[in-house]
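This is what each chain is made of:
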Amino acid sequence: MLNTKFRILAAFALLAMVFGIAVSCTGDLSTTPIDDNITTSANVYESPDDFEQVLAKLYAGFSVTGQQGPAGNADIQGIDEGFSSYIRQLWVHQTLPTEEAIVAWNDPGLPDFNFQSWGSSNDFVMGMYSRIYYEIALTNEFIREAQQRDEAVIQQYLAEARFLRALSYWHGLDMFGGNIPFVTEEDPIGAYQPEPTNADDLFAYIESELLAVADELPAAGSVEYGRASRGAAWTLLAKLYLNSEVYTGTQRYDEALTYAQNVIDQSGYQLADNYDHLFMADNDRPEVSREIIFPIRFDGDNMQTYGGTNFIIHAQIGGNMSAGDFGMDGGWAGHRVTPDFIEILNENKVDPFLGTTTENPDGDPEIYVPGGYQAASGYTTNWTPAEAPPLVSDDQNNVYTGQVYFAIAGAEFKFTAERNWNANWGGANGTLVPDGSNLVIGDAGLYDITVDLNTMTYTVTLIEASAPEFADSRTNIFTDGQSLEIESVQDFNQGYTLTKWSNMTSTGQPGKNLQFADTDFPMFRLADVYLIYAEATVRGATGGDINRAVDLVNELRERAYGDASGNITTGDLNLDFIIDERARELHWEAHRRTDLRRFGQFTGGDYVWSWKGETQEGAPTAETFDIFPIPSTDINSNLNLTQNPGY
Amino acid sequence: MKRKLILMLVMVFGFSAFAVSAFAQSQITVSGTVTEAETGNTLPGVNIVVQGQPDRGTATNLNGEYSITVEPDAVLIFSYLGFIRQEIAVNGRETINVQMQSDVEALDELVVIGYGVQERGDNTGSVNVISSRDFNEGAITSPEELFQGRAAGVTVTSNSGAPGAGATIRIRGGSSLSASNNPLFVVDGLPLEESGISGMRNPLNSINPNDIESITVLKDASATAIYGSRASNGVVLITTKRGEQGQPLQVNYTGRYAYQTNNDRVDVLGSGEFQSLVNERFSESVASNLGSDTTNWQDQVFRDVFSQDHNISVTNSYKNIPYRVSLGFSGNQGVLKTSYNDRISGSIALNPSFLDNSLRTELNFRGSRINNRFADGGAIGTAVSFDPTQPVHVEGNNQFGGYFTWLDGDGSPIPIAPANPLALIEQRNDESTVHRALGNIKLDYDLPVAENITATLNAGFDYSDVGTDVLGILNSSGKVRVPENAAFAWTGGGDDNARGNLTDYTQSKENELLDFYLNYTKDLEDYDSNLDLTLGYSWEHHEERGSNFSRSANTDLDGNPVDVFNDTNYATEYYIVSFFGRANYSFKDKYLLTATLRNDGTSRFSEDNRWGLFPSFALAWKLNEENFLQDTDWLSELKLRLGYGVTGQQRIGQGNYPYLPVYTSSEPTARYSFGNRFITTLRPEGYNVDLKWEETTTYNIGVDYSILDERFFGSVEAFYRETEDLLNVVPVPAGTNFTNRILSNVGNLEVQGLEFDITGRLISTENTFMQVSFNATYTQDEITKLTTVDDPSFIGVETGGIAGGVGNTIQVHSVGHPRNSFFVFEQVYNNEGLPVEGLYVDRNGDGLINDNDKYRLESPNPDLTFGISSRFEHKNWDASFAARANVGNYVYNNVASNNAIFSQITNTTGFLTNPTSYIFDAPFQNAQYRSDHYLEDASFIRLDNVSIGYTVENFLDVVSSLRISGTVQNVFTLTEYSGQDPEVFGGIDNNLYPRPRTFLLGLNLNF
């Protein structure tokens, strides 16, 4: 008996022991991170320094793409990390769908931007939208935390965060329209489906936020470079009001003028002396940055990304451009401009001799100059006598003369008797040989050519080097090896490219790192505000002074021309001039789509350019494309949303 | 001579005590005949030893008779290769006749199951056992290669031909979408860390295949649910070899010498062919980039190699302590130049019993040290596409190490040009030394206080490290060295420009396990029933730490690196705590019931979602025991099995704190500047408090059969499996979280299949034995739900990244389709049968060819898989082969779609790339990645290995048996696929490290 009892007791004791251990071990399941780089939210907001670190992330959300530059611990998923950069997406959305740029790359969804043909499942549209809402979610959280504190410095941070949120909501309004999800610091983090807002409410919200924080933000000059100041809030207000009619149907040019005036008169900003320096590696020097109202900052060592200005600079380099000239390790051979944009840039129609052809009104005998320079020099297809420029024998004496433009140094060519290859001459050193070897030109440029078929000799004489000297220093175009017209979007050598952006310093040194640019991106700069003043005035804003508007524009043009030769008069200042002048001053700075839309020229058929609507000559596009679609990813996860019309 | 010496030493030192006590008793002579149970034939050469006295033994003569003098209470051990070993107590008898049972799938063979063993005949779940004699032959470095093609419903696809590379194992196709689909591996009761360690190709590589006794694959939920949250994708139980009580001394040496060769090349243009193509199609300025050499770059990067593998093991019983000690060395060179994988491994297994055998202990320890050099796999791709007219080395130029390099006008390497393949291999020294040690101690104690209750305690660890010194004995290291003059790591010639790359990384993983369970067995004779209950508790801790320090090879004047690319470290951990129970009940030995229940808690989910309950039930009915089948002598077994179970998935691949709101600091390269200050930022991470287990419900019906005295046996099974609450990375409603995609429980997946296997012992006579095994599997899967909101217009989650462009994908997970369905345009062909560039079928008929015309076509997963293997023995000769076939597996030929394009040949920055010959089949100017032209049916038949061996007994008096064998591995593959190898896991063929053909000489000696 005793034995049985003992056994039962022992068995129970054992079981009790086992479950004792077991229950005590379930406590292990409540873990907290053991990594020094990871902090729980409970510990993160203690000192103002902690707040500053989170605030820095709110700014960094516009610059880098994750916590491990240049890539590796991304903020945004479902897209290549480099693509997810705020500035890169902003640039792509604002620039590629316009005449300002065309991209050669074939990344999924990207070619749609050349043609205005994106759909709701476009990866890049998703990337921009996600980046905007990422920034909004981050700022909401920070605002929630900062509102619980009363330190003055944290209150300033709070105002900065509200400015950044307003900036992102403005991007949302501008690119995706008013029917987008609306979340503020009042909303939780977690599984719910936010209600969409509408254009009027969203406009009013952005406006009220900016008006509220403008007084709380420090004045320009009293805050570290890179952070939001009152001037930034005013500039954003001016831009919001300027586009008010597009967003809400109501004109607010009076307020646009008021806040532009505030920026110009009350903030101490000044134009930089040199236009080119605004886009170089050391554009944070005070002599340059005094023009920049709100920069997004980059640094080749400390803020590395495959987006931002690093992307803009890399993508513009290709063909015969030397990467070293831009302080970079190489080119990505992506962006060129359409001929329509060259038309705008080349305001005074300085002809870079493209396609220069000798006239032959009398129908005198001709020979032809086919060669490998043709496509690049405006004579369409290479080595095609049918399309080659002629030399003319005015005296019908078998001596032919004429002018031919060679865009490519060292290009090869020959002469043909007809517009075919049946009889042709090559040779060297001034002597022609039937079926001889190819002739070679020296430097690129416009040449006088004489061919004497009696003596079988030829001469070529350089009249003028090719690089056209534009009086307007803002016209940074590169033509060597590039054709003006774009037949094949994917061929980098078709279309002129720009040299506007650079990772060289103003003193000719490369930036810190050849792989990653130092150049800051001016989200807002004073020149933009000058043009806002002028535009609002022309559009009839109360208090606008047309003479002042002309003076402001002429300040920009004097900087560009180096003297008063490009100055305009009040008679010149009209809306057609302003939309073009904005392009000349602000191109490749991610403003163009918004500007064209304000002028009713973005979609539709009033204004078409090469490859708009997916044809080389350009075709009308549907009004649908004025704004981008809400990405299908969000439509699918948030039942409250309605897709933008037409998508 | 040697053997006798060892025996003598052992006798003197080890067994003197036994000897003394043994000889003190009076002895009797026992004799008898040993026969084969099935046939009644006598068995000559059966070993008979006295338990505890390995030096005393005999063997049966040609007539199967034996005679031995022993103590009346001795225990005799009868053993014979291929038959189940028997221990028979003499009990004073003088005649003992013994029937030996063949160990091939015998019904009373013990099967290892979760937390226990069971007789095969009583098993109710879907289980495959592969014992060591059925393992694949060949140059095998990793356990999963042993059972490739051997079990229905289990596919093993080697990841590449790199030395020591792992394989991807899918049991019944896997049940998850974005979470892991790998099965759980358990070695002697110790669950293995699944994810590898940096600097090692395959986590299983640290288990020496020569130490493995058997492998059990648990396939259905009724078998796996006892492993609860980790069992959704099946469980592979590995049992290692060990000594036995009374084991005679056995020394075994196994050696393999392999010659590996890779003669398959991607068909590319030769130098002359390439020259004429460029001259013909491109301008002179492009053609001026051509060289005049004739370099076969693929020949340059590949080589033929010798590999070897040596193992020695000693099995014995020292006093009452059976033990096995083994030591292995395996040296594998890779066919891609410079790559190798060397492994030294050792293991010790002790399994003594105490207290009259009521306390049984098992102690296992195994350790390995693995040296690797990784050759940059990118060199395979660049070797395919590199310009064949360029030389490997530039004569008289030492810049960039003398390797030919594409330079731009400034004389700098063009960053987007392909790197010289040989430079990529030779100038990048990526070496590691990795340690792994795992062990466990297991105590089984028959409680003296309560009858029929056995308590089991199992404590184990699994440590691995690279670059740290966790084990404290030997240094391990992980490093990459790229010299300053390497063109592919060059950012410019100036003092401030970073060149080269020096990386040192560390990682350590420490996992601990503690299991405790009680087992109660009872024969309820009054009810003609049998009861077996198990109740237990398990605790696991997994911790991981690592660091990476990467900087330029060149330094500034102070000796500091010019640039630090990366300087990070991290640490993370998680726990799993579980309670589990199992009841086996059998009635009349005909009706079997198994029920299991496991409650798992993981630290990866919030307190509210932390615990998951995983039940299973299974019924089996031994039909052949019923009256109506009693007279069917030809039927040895007919068992119907029905199973149902729920299993879970918590291997989420999204860190260990996905439910916690945390903030992460930025690296120095991702700061933000305020004025002149660079601020380290703090980022809130997205989190999902609602995250929970993924749950898979499996239904299984199976029949085990065995006929004609077990001459033919096997099983037929059908299963249906549904996974709910799939762990899936889905878009977050914008603005509601600190990320745009988050891991959530969204979506359902169905997998169903049929499995059939049969083994036939076609010949079984005194001198000749022949066995053929065949298995066939049909599997089909379909995603049935993917989003919270059902939206028929939702395309799905694009996946399957390909080479070419950035972010291009070729597959999609869509509702109503299999996982990873290819998502392509339907190509239009001209009259000559050539594809027309950019012309696709307007499938939706809207007059436009756009993304809406893409369609889903097939998937990488085979519809049908087959495995066949055979073993033939005749006297001293043996031969075997194993072959596999896949039907309906589709492969996207990314090598062709990315290389065979005219526009790719030239680049505006001034370099050339060589297309593959495929360019003549699809003469595209620009890349047409999405064309279904590149999608091919890659069904194949592969003869994995053929082997022949010869065995000599009592060779030179010293060696008790010697087997010499020759094996050819990867003999041939029959396929219509146009690429190099049709067997591509994931279905995207992009310059796979080629699987070499191996010729192998094997030597196996028993002393």
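Quantities reported herein were computed from a predicted structural model and do not represent experimental measurements. (Residues numbered from 1 in each chain as written. Chains lettered and ligands numbered in written order. Predicted model: local features only at pLDDT ≥ 70, side-chain atom pairs only at ≥ 80, totals over all residues. Heavy atoms only, no water.)

## Quick notes on the overall build of chain B
- Scanning chain B from terminus to terminus reveals 10 helices and 57 strands.
- What you see for chain B is a C-alpha radius of gyration of 31 Å, in line with the 30 Å of a compact globule of 1007 residues.
- Within chain B, the proportion of its 1007 residues that are buried is 57%.
- Contacts in chain B between residues far apart in sequence, at least 24 positions, make up 69% of those at least 6 positions apart.
- For chain B, the accessible surface area stands at approximately 39300 Å², while carbon and sulfur atoms represent 53% of it.
- The positive charge centre, built from 69 side chains, and the negative charge centre, built from 123, are 4 Å apart in chain B. (Helix = DSSP H or I, 4+ residues; strand = E, 2+ residues; numbered from the N terminus. Rg over C-alpha atoms; globule rule 2.2 N^0.38 Å. Buried < 20%, exposed > 50% of the residue type's maximum accessible area, 1.4 Å probe, protein only. Contact = heavy atoms within 4.5 Å. Areas by Shrake-Rupley, 256 points an atom, 1.4 Å probe, with all protein chains shown as cover. Lys, Arg positive; Asp, Glu negative; His and termini not counted. Charge placed at Lys NZ, Arg CZ, Asp CG, Glu CD.)

## Quick word on the overall build of chain A
- Of the regular secondary structure elements, chain A holds 19 helices and 17 strands.
- In terms of its C-alpha atoms, chain A occupies a principal-axis envelope of roughly 135 × 75 × 50 Å.
- For chain A, with 647 residues in total, the buried portion stands at 61%.
- Put simply, 67% of the contacts in chain A that link residues at least 6 apart link residues at least 24 apart.
- For chain A, the centre of its 35 positive side-chain charges and the centre of its 93 negative side-chain charges are spaced 8 Å apart.

## Describing the sheet that holds strand E53 (residues 935–937) of chain B
Residue and element names in this part refer to chain B.
- Spatial strand order, E53-E50-E56: 3 strands in an open sheet with mixed pairing. The open sheet has two edge strands with one neighbour each: E53 and strand E56 (988–989).
- Note: strand E50 (residues 890–893) against E53, 3 bridges, orientation antiparallel. Counterpart to Tyr 890 in the pairing with E53 is Asp 937. (Pairing = 2+ DSSP bridges.)

## Comments concerning the environment of Ser339(B)
All names here are of chain B.
- Position of Ser 339 among the secondary structure elements: in the loop between strand E19 (321–333) and strand E20 (340–350).
- Given a relative accessible area of 0%, Ser 339 falls into the buried group.
- The spacing of Ser 339 and Thr 777 is 438 residues in sequence and 36 Å in space, taken between C-alpha atoms.
- The contact partners of Ser 339, leaving out residues within four places of it in the chain, are Pro 163, Arg 201, Arg 303, Asn 332, Gln 333, Gly 334, Arg 373, Ala 375 and Tyr 993.

## Focus on empty space enclosed by the protein
All names here are of chain B.
- Tallied over the entire structure, the rule returns 11 cavities of 30 Å³ or more.
- The volume enclosed by the largest cavity comes to roughly 560 Å³.
- Ala 139, Glu 145, Ser 158, Ser 160 and Gln 969 are, among the 31 residues lining the largest cavity, the residues nearest its centre.
- Looking at the lining of the largest cavity, the elements with two or more residues in it are strand E11 (154–158), E19, strand E54 (940–955) and strand E55 (959–975).
- Looking at the lining of the largest cavity, the element that brings in the most residues is E54, giving 3 residues. (1 Å grid on protein atoms, 1.4 Å probe; cavity = no way out; pocket = protein on both sides within 12 Å on 5 of 7 lines; lining within 4 Å. Points joined across faces, edges and corners; volume = space filled by probe spheres on them.)

## A word on the nonpolar core
- Grouped together as the largest cluster of nonpolar side chains are 188 residues, with contacts concentrated most on Phe142(A), Phe163(A), Phe294(A), Phe415(A), Phe521(A) and Met523(A).
- Within the second largest apolar cluster, 56 residues are counted, among which are Phe274(B), Val301(B), Ala379(B) and Phe822(B). (Core = buried A, V, L, I, M, F, W, Y, C linked by side-chain atoms within 4.5 Å.)

## Some points on the pairing of strand E49 (residues 877–887) of chain B
All names here are of chain B.
- As judged from the 11 bridges shared by strand E48 (residues 864–874) and E49, these two strands associate in the antiparallel manner. Note on E49: the bridge partner recorded for Leu 864 is Val 887.
- Linkage of E48 to E49, two consecutive antiparallel strands, is achieved through a turn of 2 residues, within which Lys 875 is found at a positive phi near 50 degrees.
- Note that E49 and E54 share 10 bridges and pair antiparallel. If you follow Arg 884 over to E54, its bridge partner there is Arg 942.

## Side note on a nonpolar patch on the surface
- Nonpolar side chains collect at one region of the surface, where Ile312(B), Leu327(B), Phe329(B) and Ile344(B) lie side by side and expose about 340 Å² of accessible area between them.
- Judged by relative accessible area, Ile344(B) falls into the partly exposed class, the value being 46%. (Patch = residues over 30% accessible without salt bridge, like charges linked within 9 Å, V, L, I, M, F, W, Y side chains within 5 Å. Salt bridge = Lys/Arg side-chain N within 4 Å of Asp/Glu carboxyl O.)

## Brief notes about the sheet that holds strand E15 (residues 212–218) of chain B
All names here are of chain B.
- Read across the open sheet, the 5 strands follow the order E10-E15-E16-E13-E14; overall the sheet is mixed. Strand pairing shows two members of the sheet lacking a second neighbour, strand E10 (127–131) and strand E14 (190–191), which therefore form its edges.
- In terms of strand pairing, strand E13 (residues 184–187) meets E14 through 2 bridges, oriented antiparallel. Across the sheet, residue Val 186 finds its bridge partner in E14, namely Pro 191.

## A few points about the packing of aromatic side chains
Residue and element names in this part refer to chain A.
- Going through the model one piece at a time under the given rule, you end up with 74 aromatic pairs over all chains.
- Aromatic side chains Phe 176 and Phe 628 sit 6.1 Å apart centroid to centroid with 50 degrees between the ring planes, which places their arrangement in the tilted category. Of this pair, Phe 176 sits in helix H7 (residues 152–176) while Phe 628 sits in the loop between helix H18 (592–598) and helix H19 (632–637), and the two are 452 residues apart along the sequence. The pair Phe 176 / Phe 628 is uniform in exposure class, with both members buried. (Phe/Tyr/Trp six-rings, centres within 6.5 Å; stacked < 30°, edge-to-face > 60°.)

## Looking at the interface of chain B and chain A
- Every contact between the two is made by 85 residues of chain B and, on the other side, 105 residues of chain A.
- Roughly 8200 Å² is buried in total at the junction of chain B and chain A, and carbon and sulfur atoms are behind 57% of that figure.
- A per-residue breakdown of the area chain B buries against chain A is headed by Tyr663(B), Tyr672(B) and Arg683(B), which together make up 10% of the total.
- In this structure, the connection of chain B to chain A is made through 3 salt bridges.
- The partner of Arg677(B) in a salt bridge is Glu224(A), and the shortest N-O contact between them spans 2.7 Å.
- Counting every contact that joins chain B to chain A gives 32 residue pairs in polar contact (both at pLDDT 80 or more). (Buried area = accessible area lost by both parts, 1.4 Å probe. Polar contact = N/O pair within 3.5 Å; in protein donor to acceptor, adjacent residues only side chain to side chain.)

## Things to note about the confidence of the model for chain B
Residue and element names in this part refer to chain B.
- In the predicted model, chain B carries a mean pLDDT of 85, and the fraction of residues at 70 or more is 95%.
- Ignoring residues within four places in sequence, the model shows residues 1–24, a span with pLDDT below 50, making 23 contacts including any to other chains.
- For this predicted complex, the interface score ipTM comes out at 0.84, alongside a pTM of 0.80. (pLDDT = per-residue confidence, 0-100.)

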